Amino acid sequence: MKLDHIDSLRGVAILMVILTHVGSRFAELGILGELTTYGRLGVQLFFVISALTLCVSTGRRANEDRAVLNFYIRRYFRIAPVYYMGGFIYFFVGAEWLGDAGVADYIVHSLFLHALFPESFMDVVPGGWSIGVEFMFYFLFPLIYFFAISGKSARTAFLLFFASIATSLIANFTLTSYFGYEEGLWNFTYWNFLNNLPVFLLGTVLYSIYESRLMKNINIFVVVGGFTFFTIVTVSLWKIQPRFYVSLIPITAAISFIFLYFVFDKVKVINLSLLRRIGQVSFSMYIFHFLVITVIFKYLPINELELSEGVLLLLTFFLTTFITLMVSIFSETYIEKPCVKLGSQIIEWLRPLQKIKASN
């Protein structure tokens, strides 16, 4: 699988997320404000692409010794170092998105178990809820892949996806009816793992579609139309807010992103080199863009400029993206790549031990 369009989609996802967090600093954006708010669904685009790439990489390594252990080692050293660095920085700098973190919060975040604790979701790293949810998927992924995806037909992935929808609706009903949570896009009913599990499983569906080549010859107008249709459905659910809309919105948005995947796959010209580069460092950008936004609004006279809020939004968005990109390239060079390499070295170091154990 060529990764150009996947990197591009990661770039789209992080730009959506940055846009929504920059936009939250402006009060009178009108319809532009609604567009920036929609950007928060870039997290679901991350989830879909994450599940897809995990399936691809796991498929390539399925026959290696201790594949499951190696999977966890790779994931840990890919995510943990940057996340820990973010937690260290925000401990001193703070950010408006953070709660009051205590020792217990730092412990559960260090173990990536904070998705299980509603009060700890956002206390250590801004946006850390999505990393906790993603790690919950990591914990389950080997089981999902080897028993439901690897060597199975696309139908198996679809069945698992539909089962997860039922689970998410039951979780929504339980949280709202028995635990007193309000159904909303800014609380635990939206952020919890079961509510986002169907989104990850749509990524495995996308992998099964890719492997079976079901959409190899599909017309570009069909995929553009599918993306447009499900985006409209998502916006409509957001506006109307029917029962269970908190569970339905991530799913319909994720379906639209599956069509978007094929748009970027087929229309090569939109895979711009800058967009791909942004996608390659999107994880660091996710962690550090909160810091950049905090510093910009604290030390630059953004709101004192005699410009419309729409113009200020665009200026701040581009400035935030540029600075965050520079910070993330530094992070990639001195944190991400060395730690990924360390994880690979640990896997290599364990191979002789494994052979010795097997011979005994």
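Summarised in this report is the structure supplied together with it. (Residues numbered from 1 in each chain as written. Predicted model: local features only at pLDDT ≥ 70, side-chain atom pairs only at ≥ 80, totals over all residues. Heavy atoms only, no water.)

**Quick notes on the overall build of the protein**
Rules: Helix and strand labels come from DSSP, where a helix needs a run of H or I of at least four residues and a strand needs a run of E of at least two; each type is numbered from the N terminus. Each residue is assigned to one of three classes by its accessible area relative to the maximum for its type, calculated with a 1.4 Å probe on protein chains only: buried under 20%, partly exposed between the two thresholds, exposed over 50%. By definition in these notes, contact holds between two residues if any of their heavy atoms fall within 4.5 Å.
A count of helices and strands for the protein gives 14 helices and zero strands. In sequence order, the protein lays out its α and β elements as α-α-α-α-α-α-α-α-α-α-α-α-α-α. Principal-axis analysis of the C-alpha atoms places the extent of the protein at approximately 75 × 50 × 45 Å. Considering the protein as a whole, with its 360 residues, one finds that 52% of them fall into the buried category. Counting only contacts in the protein whose residues sit at least 6 apart along the sequence, the fraction spanning at least 24 positions is 79%.

**Some words on the environment of leucine 305**
Checked against the element boundaries, leucine 305 lands in the loop between α13 (282-299) and α14 (309-359). Under the relative-accessibility criterion, leucine 305 is labelled partly exposed at 41%.

**Focus on the packing of helix α3 (residues 42-60) against helix α11 (residues 245-266)**
Two quantities define a packed helix pair, namely the angle between the axes and the distance from one axis to the other. Spelled out, the test is: The angle between two axes is taken between their N-to-C directions and runs from 0 to 180 degrees, where each axis is a line fitted to C-alpha atoms and a helix contributes only its stretch in contact. Each angle gets one of four labels, with under 35 degrees taken as roughly parallel, over 145 as roughly antiparallel, 65 to 115 as roughly perpendicular, and the rest as oblique. Helix crossings are classified by the rotation of the near helix relative to the far one: an anticlockwise turn of less than a right angle makes the crossing left-handed, while a clockwise turn makes it right-handed. Three categories are distinguished: nonpolar for Ala, Val, Leu, Ile, Met, Phe, Trp, Tyr, Cys and Pro, charged for Asp, Glu, Lys and Arg, and polar for the others, with Gly belonging to the last.
One way to put it is that α3 packs onto α11 with a least axis distance of 9 Å and a crossing angle of 60 degrees. Classified by the angle their axes make, α3 and α11 are oblique. Crossing angle aside, the handedness with which α3 passes α11 is right-handed. Here Gln44, Leu45, Val48 and Leu52 of α3 come into contact with α11, specifically with Pro250, Ala254, Phe257, Ile258 and Tyr261. Taken together, the residues of the contact of α3 with α11 break down into eight nonpolar, one polar and no charged.

**Brief notes about the nonpolar core**
Applied cut-off: In these notes, a set of buried Ala, Val, Leu, Ile, Met, Phe, Trp, Tyr and Cys residues joined through side-chain atoms within 4.5 Å is what counts as a nonpolar core.
By size, the foremost hydrophobic cluster in this structure holds 107 residues, and its most contacted members are Trp129 and Phe137. If you tally residues by element for this core, the top one is α11, at 15 residues. Aside from chain neighbours lying at most four places away, what touches phenylalanine 137 is Ala51, Leu54, Ile144, Phe193, Leu197, Phe200, Leu201 and Thr204.

**Notes on the pattern of salt bridges**
Heads up, the condition is: One speaks of a salt bridge when a side-chain nitrogen belonging to Lys or Arg is within 4 Å of a carboxyl oxygen belonging to Asp or Glu.
As enumerated under the stated definition, the model contains eight salt bridges in all. With a closest N to O distance of 3.8 Å, arginine 276 and aspartate 4 form a salt bridge. Of this pair, arginine 276 sits in helix α12 (residues 273-280) while aspartate 4 is found in helix α1 (residues 4-23), placing the two residues 272 residues apart along the sequence. The class of arginine 276 is partly exposed, set by a relative accessible area of 22%. Assessed through its relative accessible area of 44%, aspartate 4 is described here as partly exposed. Of the charged contacts in the structure, one is a salt bridge between arginine 78 and glutamate 336, with a shortest N-O distance of 2.9 Å. Of this pair, arginine 78 sits in helix α4 (residues 67-93) while glutamate 336 sits in helix α14, placing them 258 residues apart in sequence. Judged by relative accessible area, which is 6%, glutamate 336 ranks as buried.

**A look at the side chain of aspartate 123**
This is how the line gets drawn: In this count, Lys and Arg are taken as positive residues and Asp and Glu as negative ones, while His and the chain termini are left out.
Tracing the backbone through its elements, the reader meets aspartate 123 in the loop between α5 (103-110) and α6 (128-149). Buried and unpaired, aspartate 123 has arginine 40 as its nearest opposite-charge partner, separated by 15 Å. Excluding anything up to four places from it in sequence, aspartate 123 contacts Leu98, Gly99, Asp100, Ala101, Asp105 and His109.

**Quick notes on the packing of aromatic side chains**
This is how the line gets drawn: By convention, a stacked pair of Phe, Tyr or Trp rings (six-membered ring in the case of Trp) has centres within 6.5 Å and planes under 30 degrees apart, an edge-to-face pair has planes over 60 apart, and any other such pair is tilted. Any Lys NZ or Arg CZ that is within 6 Å of a ring centre and within 35 degrees of that ring's normal is treated as a charge sitting over the ring.
As enumerated under the stated definition, the model contains 37 aromatic pairs in all. Seen from their ring centres, phenylalanine 137 and phenylalanine 200 are 4.4 Å apart, and the 15 degrees between their planes marks the pair as stacked. Pair noted here: phenylalanine 137 is in helix α6 and phenylalanine 200 is in helix α9 (residues 193-212), with a separation of 63 residues, a long-range link. In terms of burial, phenylalanine 137 and phenylalanine 200 fall into one category: buried. The ring centre of phenylalanine 297 lies 4.4 Å from the NZ or CZ of arginine 25, which sits over that ring. Across from the ring centre of phenylalanine 244, 4.2 Å away, lies the NZ or CZ of arginine 243, which sits over that ring.

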